[in-house]
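As a plain string of letters, each chain reads:
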Amino acid sequence: MEKVIIIRFGEIFLKGKNKKFFENLLEKNIKNALSIYDCVIEKSQNRFYATNYDLELEDSIICTLQKVFGIHSVSPAFKFPTDITKVAELVADELPDVKTFRVSVKRADKTINLTSTEIASQIGGDILQLKGNLSVDLHNPELNINVDIRENKTTYVFYQNIKCYEGMPVGSSGRGMLLLSGGIDSPVAGFRMAKRGMQISAIHFHSYPFTSIQAKEKVIELGQIISSYCGHFPLFVVPFTKIQQAIHQYCREDFMITVMRMIMIEISEKIAISQNCGALITGESLGQVASQTLESITVTNSRVKNLPILRPLIDMDKTEIIKISKEIDTFATSILPYEDCCTIFLPKNPIIKPKVSISEAEYNKIQGLQELIEDAIKNVEIVKIKNKRK
C-alpha cells in the first residue's frame, strides 16, 4: 500500500481537442509549484498523482497544490492493486478515530461484476468485522470512506476531498500587465486574472522621496505573496517623482488625480507592449473612489490606444474585495501604513465626473511631458518577484 495525493482537473475537461495543451500546461505548473519538494508527479486516466514524497510534508504539499489554478480538488489517498476482498484489511489500521462511517464507491473498472452499491456494502461489512466498535451511518457519518476503483486495476481509498481554486492553468490565457499599487485592490485583481489563466507581469509607480523605500518594499512583498498563485513575474518600478511634480506645477488641483491616472496608464501600455503583454489589469471598482467613476474610467481609457484594460473587480464592493485579500493573505500587507504615489499631492476635492476634452487640455499643459515619460521608462527598475519559499 502506497500513500499518494490525487490531483483532479478543473474546467480543463471542457476543452475538447485542445484538452492536451491545457493538461500539459497544468502538469508543468504543478511541477514548478512542487519543485521545492522531493516528490514525483504522475499522470494516469485524466488525473495527476503526487507520489514518493515525505509523509511529514503532506499537508504542506496539499497547501501548495491548492494555489495551483486549474486543479479542482485534491485528496491524500492510499493506493494499492484492486482486490475488493482486501480493502477493509488494508485500511483498517489507518482509519481515523471515529464511531460512525459510510463507504462510497466509484467503480470505473467495469470488468468487476458487482455494482458500486454492492461493493460498498461488502467493504462496509468487512470493516465492521474488523472494527467492532464502529457502526454504519449512511446519512450523517463522521467518516466517509471513498473507494475509487480505476480502470488500470488500481484502487484508491481516501477520506477527504479538498477543494481548490479551480480556474485555468496560468499561462493558458496570455500575459497581462498588472498595475500593482500598495493597496488592497490590485493584488486581488492580479489573483483573479491569474485564476483565469493569465500570466502576470506588474508595474508600480514610485515617487521617492515623497514615497518611502518601505512603500516599494511593501509592493514587492505583495508581489511575492501573489506569486505563490501566479508564479514568478517581473515587477517594473517606474520612477514617477518628476512627473508628479510636473502635474502639481501645471495642472488644476481638481484634475491632478485624473491626469496622473492618464499618464500612468499611458506608460503602462508602452511597457506592456514592450513585454509582449496583451492587456492591462487594474484593481478599479466602479464608483469606489473619484478616479473610478464611469467618467473617470472613460478618460483613463482614452489614453490607451492598443491594449484592452481588464478590470476584474469592477462590480465588486470593498467588503468582497477585502474578503478575498484576507483569503489570499495580502490584506495584512496591503494595510501597512506606507503611502503610495496616489496619496501624495492629493487634492481636497478631486473631479468626480471629468470630461475627456478638459482632461486632455490639462494633460497638454504639462511642459516637456513626453520627455519626462521617456525618461521614466528609460530608468525603470526591474525586480524579479519570486515566492518567498523558493
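Small disclaimer: the values here were computed from a predicted structure and weren't measured.

Thresholds applied
Residues numbered from 1 in each chain as written. Predicted model: local features only at pLDDT ≥ 70, side-chain atom pairs only at ≥ 80, totals over all residues. Heavy atoms only, no water. Buried < 20%, exposed > 50% of the residue type's maximum accessible area, 1.4 Å probe, protein only. Helix = DSSP H or I, 4+ residues; strand = E, 2+ residues; numbered from the N terminus. Pairing = 2+ DSSP bridges. Salt bridge = Lys/Arg side-chain N within 4 Å of Asp/Glu carboxyl O. Contact = heavy atoms within 4.5 Å. Disulfide = S-S within 2.5 Å. 1 Å grid on protein atoms, 1.4 Å probe; cavity = no way out; pocket = protein on both sides within 12 Å on 5 of 7 lines; lining within 4 Å. Points joined across faces, edges and corners; volume = space filled by probe spheres on them. Nonpolar A, V, L, I, M, F, W, Y, C, P; charged D, E, K, R; others polar. Axes fitted to C-alpha atoms, helices over the stretch in contact; angles between N-to-C directions.

### Concerning the pairing of strand β3 (residues 47-51)
Here is step 1 of the chain: Within β3, 5 of the 5 residues are buried, which leaves it mostly tucked inside the rest of the structure.
Here is step 2 of the chain: Alternating residues of β3 divide into R47, Y49 and T51 and F48 and A50, and every residue in both groups is buried.
Here is step 3 of the chain: With 4 bridges connecting them, strand β1 (residues 2-9) and β3 associate as antiparallel partners. When the sheet's bridge partners are listed, I5 is paired in β3 with A50.
Here is step 4 of the chain: Alignment of strand β2 (residues 40-43) against β3, held across 4 bridges, turns out to be antiparallel.

### Re the pattern of salt bridges
Here is step 1 of the chain: Here the structure, examined in full by the defined rule, presents 16 salt bridges.
Here is step 2 of the chain: In this structure, E360 and R303 form a salt bridge, with 3.0 Å as the shortest nitrogen-oxygen distance. With E360 in helix α12 (residues 356-364) and R303 in the loop between α9 (294-301) and β14 (309-310), the pair connects residues that are 57 residues apart, well separated along the chain.
Here is step 3 of the chain: The exposure class of R303 is buried, given its relative accessible area of 13%.

### What to know about the environment of L26
Here is step 1 of the chain: Mapping L26 onto the fold places it in helix α1 (residues 19-33).
Here is step 2 of the chain: Owing to a relative accessible area of 0%, L26 belongs among the buried residues under this scheme.
Here is step 3 of the chain: Separated by 44 residues in sequence, L26 and G70 have C-alpha atoms that sit 6.6 Å apart.
Here is step 4 of the chain: When neighbours within four sequence positions are excluded, L26 is seen to be in contact with F9, I12, F48, V68, F69, G70, I71 and P169.

### Here we look at the state of the cysteines
Here is step 1 of the chain: Applying the stated rule across the entire model yields 0 disulfides.
Here is step 2 of the chain: Just so you know, C164 is unpaired, no disulfide at all, and the nearest cysteine sulfur is the one on C63, 10 Å from it.

### Considerations on empty space enclosed by the protein
Here is step 1 of the chain: Summed over the entire model, instances satisfying the criterion amount to 2 cavities of 30 Å³ or more.
Here is step 2 of the chain: A volume near 30 Å³ is recorded for the second largest cavity.
Here is step 3 of the chain: In terms of lining, the second largest cavity is formed by D254, I257, T258, A290, S291, S296, P350 and I351.
Here is step 4 of the chain: Looking at side-chain class alone, the lining of the second largest cavity contains 4 nonpolar, 3 polar and 1 charged residues.

### Section: the sheet that holds strand β12 (residues 233-239)
Here is step 1 of the chain: Read from one edge to the other, the open sheet built from 6 strands follows the order β14-β13-β10-β11-β12-β15, with strand pairing classed as mixed. Both outer strands of the open sheet, β14 and β15 (381-385), are each paired with one neighbouring strand and no more.
Here is step 2 of the chain: Helix α5 (residues 185-195) rests against β10 (175-179), β11 (199-206), β13 (279-281) and β14 of the sheet, and its axis sits at about 170° to β10.
Here is step 3 of the chain: Sitting on the sheet, helix α6 (residues 213-230) is in contact with β10, β11, β12 and β15, with an inclination near 160° to β12.

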